[in-house]
Each structure stands twice: as structure tokens, then as C-alpha cells.
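Coordinates in review
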Amino acid sequence: MTAPALIPFMHLTPGADAGAIRAAIDRVIARGWFILGPELTAFETEFAQASGAAYAVGVGTGTDAIALALRALGIGPGDEVITAPLSAAYSALAIMMAGATPVFADIDINRLTLDPAQVDALVTPRTAAILPVHLYGQPADMTAIAAIARRHNLVIVEDASQAHLAKSEGRPVGTIGVAGAFSFYPTKNLGALGDAGGIVTDDAALADKLRRLRNGGQKDRYHHLEFGVNTRLDEMQAAILRERLALLPGWTDRRREIAARYRSALVGAPVIVPPEKDPGHVYHLFPVRSAHRDQVQAHLRHNGIETLIHYPVPIPRQPALDGIPTATCPVADRVCSEVFSLPLYPALTNDEVDRVADAVHRFSAADADGR
Ligand SMILES: *Cc1c(COP(=O)(O)O)cnc(C)c1O
């Protein structure tokens with residue numbers, strides 16, 4: 001018997017967009033303008049529009065986007081920022097880069113994003129902001145989180161790194177709080193061919209401040225008004241992102257189609273499929289849960305199917321956060337021990353989705369234990 005063709009977890013080599021990307025790179029080379037030029041300005045206008053925001057500011061990474069948004073809002077040492085324990089660790093590292101202290105509120109077991117009741121319970125006089133993460137492409141419960149923020153006079157910065165074009169009850173993510181941070185890391189729904197990030201906001205003064213902070217705090221050339229950093233989205237990546245932004249609505253539709261196909265194909269399968277709580281979900285990832293995660297992953301690998309774990313360790317349990325006191329987050333602990341992600345990207349075919357789902361159905365914990 002020949003081994004089944006491998007279904008990789010992801011697919012980063014440009015596909016149908018390869019020609020457009022080469023042309024974009026050539027355009028930048030021919031112009032000879034590589035930092036803070038016309039491609040970035042155009043991308044910022046186009047991304048703001050696609051995101052339903054008035055302004056977008058391009059920066060070097062998604063992590064910098066979060067950290068600069070917090071800094072621009074005056075959040076720093078002595079301030080607490082409430083965020084989720086289940087996310088890329090960069091969400092919390094960005095809070096620490098701004099000099100503030102992350103406070104982890106546990107997640108909701110179904111939505112896998114911040115549990116509003118837990119957030120409310122952790123507000124103290126030092127709390128300055130809430131940083132919800134729209135994890136896996138699904139918006140956090142922003143109606144409840146916004147109500148808490150209003151009641152306690154807190155700002156919201158949204159970590160929308162996994163949620164380009166997502167909507168929370170019809171509202172574009174990133175525009176519900178005062179600012180939204182995006183990553184354009186290559187694996188994201190909108191990915192560059194390198195590092196890149198951006199912040200959206202409707203606040204003109206905040207956008208101005210972010211433009212200064214990303215560029216050494218300069219107002220005019222060589223006049224540094226404030227302590228900025230150097231984190232700019234370069235022209236090459238901006239040009240590539242412009243080409244891909246045009247394709248993103250179609251890619252997002254395809255992600256949703258694949259997710260819907262997984263959902264119906266996985267009915268009765270021996271994994272827990274987290275529910276879709278908002279049709280504005282953009283399916284950056286397709287996580288499922290199993291108490292026998294290691295065995296299910298091994299079974300799938302045996303069937304030529306790659307899976308990954310997002311995320312194996314709750315952020316507050318990372319050694320990098322030693323010394324930051326945190327309440328326990330039992331739901332996040334449990335999810336981190338059970339969750340793994342099935343392949344989901346626009347180029348995945350329906351046949352491949354069906355193959356993955358069939359393989360999941362064929363898993364049996366008893367067989368796996370006896371192997
Ligand atoms: C990717 C990601 C980040 C960090 O973005 P970078 O561009 O890699 O710095 C932050 N938060 C979340 C939720 C992410 O997925």
C-alpha cells in the first residue's frame with residue numbers, strides 16, 4: 001500500500017498570487033524607495049478601509065503593534081492590563097514591552113476567548129486597559145467586555161492578530177476598542193513574506209502619535225519629540241500585502257467554507273469541536289479538543305495529516321513570566337492540555353477536508369492505547 005499524500009498543516013509558498021507578488025517586489029526595487037514610502041501609505045489607506053477604520057498605521061510586527069498602541073495611550077509602568085491566558089505569548093509580552101503588567105483572566109470554555117465575568121472580577125484601581133484576543137479568528141465577547149470597560153473607565157486595545165476582516169456582532173474587530181492591533185506574520189490570514197504588523201483606530205490624534213512612535217518619535221526629520229522606537233512596515237512587505245489584501249475577502253470566504261465542511265463532517269467524531277459563537281469568525285485556525293490529544297495527533301500523523309497545538313502552555317505558566325503573580329486559570333490549563341488544530345487554509349481542497357475528517361472518525365482511544 002502506498003502512503004497517502006501528505007496534508008501539510010500550512011502552505012506558505014505563494015500560489016495563485018505568486019505573479020502579483022513578484023510584480024510588486026519589482027515595482028519597489030525599480031522605485032528605489034524602501035522605507036516609509038508610497039506603498040506603505042497606500043496599504044495603510046486600503047487596510048483601514050477594509051477594516052472599517054478611519055486610520056491604519058503600519059509597524060514592524062504584531063507584537064510592536066500591541067506594545068505601541070498601549071504606549072501611545074499612556075499605559076506603562078504601574079498599570080495593569082487584563083488579557084487572555086490562551087493566546088500567542090506575544091500578546092502578554094507586548095504588555096510587558098510597554099512596561100505594564102499583564103493580568104490573566106480565564107477564558108470561556110466554549111468561545112475560548114476572555115470570560116467577561118473573570119475580567120470583571122480582576123479589575124483593580126491599577127487596571128488601565130483590557131486586551132481581548134480574537135483567538136483563532138473568532139471575536140471575543142466584545143459586547144460584554146465593552147460594558148465592563150465602560151463601567152470601570154478602561155480602554156480596550158484589541159489583539160486582532162488572528163482576525164483580519166472578522167466581525168463581532170456585525171462590527172469590524174479592531175474598531176470596537178480605541179485601537180486594534182494586527183499581525184501580518186506569514187502564517188496569518190493576511191500574511192507578508194516576512195514580519196509586519198499594523199494598528200487601526202478611528203482616533204486621528206492617536207494615529208499621529210503612533211506614526212511618530214514607530215519612527216523614533218520624530219515629527220520632522222531629525223527632530224525627535226518623544227521616546228519612540230524603530231518599527232516600520234517596509235515598502236516591500238507593504239507592496240506584497242496590498243496585492244494580498246485584494247484577495248483576502250475571497251480567501252476568508254474559502255476559510256469559512258472549509259470550516260463549515262469540517263463542522264458537518266465531524267459530527268459524531270471523537271473530538272470536541274468548539275462552537276461558532278459569531279458568524280463574523282474568520283477561521284484563522286480550526287481547533288478541536290480531545291482528552292487523548294497525543295494519540296489523536298499520532299493517529300493523524302500516521303495517516304499523513306499534520307496538526308499543531310495552539311497553544312500547549314498557558315501564557316502565565318511560561319518561564320518568561322515568572323515573577324508575575326497570577327490567579328489560576330483552570331479552563332485555560334485544561335484547554336492547553338486538550339486542544340490541537342486541524343489544517344485549514346484557502347488552498348485546502350474539499351477532498352482533503354474529507355480525508356482529515358474521515359481519519360478523525362477512525363480514531364479510537366482503545367485502539368490507540370493497545371498500539
Ligand atoms: C501572531 C500573534 C501575535 C504576534 O504577532 P507578530 O507579528 O508575530 O509579532 C500576537 N498576538 C496573537 C494573538 C498572534 O496570533
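Rules behind the numbers
Residues numbered from 1 in each chain as written. Predicted model: local features only at pLDDT ≥ 70, side-chain atom pairs only at ≥ 80, totals over all residues. Heavy atoms only, no water. 1 Å grid on protein atoms, 1.4 Å probe; cavity = no way out; pocket = protein on both sides within 12 Å on 5 of 7 lines; lining within 4 Å. Points joined across faces, edges and corners; volume = space filled by probe spheres on them. Nonpolar A, V, L, I, M, F, W, Y, C, P; charged D, E, K, R; others polar. Buried < 20%, exposed > 50% of the residue type's maximum accessible area, 1.4 Å probe, protein only. Helix = DSSP H or I, 4+ residues; strand = E, 2+ residues; numbered from the N terminus. Pairing = 2+ DSSP bridges. Domains from an automatic or database assignment. Contact = heavy atoms within 4.5 Å. Buried area = accessible area lost by both parts, 1.4 Å probe. Axes fitted to C-alpha atoms, helices over the stretch in contact; angles between N-to-C directions.

Once that is clear, we can look at empty space enclosed by the protein. Under the definition given, this model contains one cavity of 30 Å³ or more. One number sums up the size of the largest cavity: a volume of about 100 Å³. Lining the largest cavity are 14 residues, and of these Arg263, Pro274, Pro275, His281 and Pro287 sit closest to its centre. In the lining of the largest cavity, the residues fall into 10 nonpolar, two polar and two charged.

Let us look at the pairing of strand β13 (residues 339-342). Every second residue of β13 is oriented toward a common face, with Val339 and Ser341 on one face and Phe340 and Leu342 on the other, all of them buried. Relative to β13, strand β12 (residues 286-289) is paired through four bridges, and the arrangement is antiparallel. Paired with Phe286 across the strands is Leu342, a residue of β13.

Moving on, we get to the domain arrangement of the chain. We note that the domain assignment places domain 1 (18-242) and domain 2 (248-368) within the chain. For domain 1 and domain 2, the distance between their C-alpha centroids amounts to 25 Å. Domain 1 puts 36 residues into the contact, and the matching count from domain 2 is 35 residues. For the pair domain 1 and domain 2, the summed buried surface comes to about 3000 Å²; carbon and sulfur atoms form 68% of the total. It is Phe104, Tyr136 and Asn189 in domain 1 that bury the most area against domain 2; as a group they hold 24% of the surface buried on that side.

On to the sheet that holds strand β3 (residues 101-104), then. Spatially, β1-β9-β8-β5-β4-β2-β3 is the arrangement adopted by the seven strands of the open sheet, whose pairing is mixed. Across the chains shown, the open sheet's two edge strands, defined by having one partner strand only, are β1 (55-59) and β3. Taking the axes of each pair of neighbouring strands and ignoring which way they run, one obtains an average angle of 25 degrees across the sheet. On top of the sheet, helix α2 (residues 38-50) reaches β1, β8 (179-183) and β9 (197-201); it is set at about 130 degrees to β1, its chief contact. Across the sheet, helix α7 (residues 204-213) lies against β1, β8 and β9, angled at about 15 degrees from β1, the strand it touches most.

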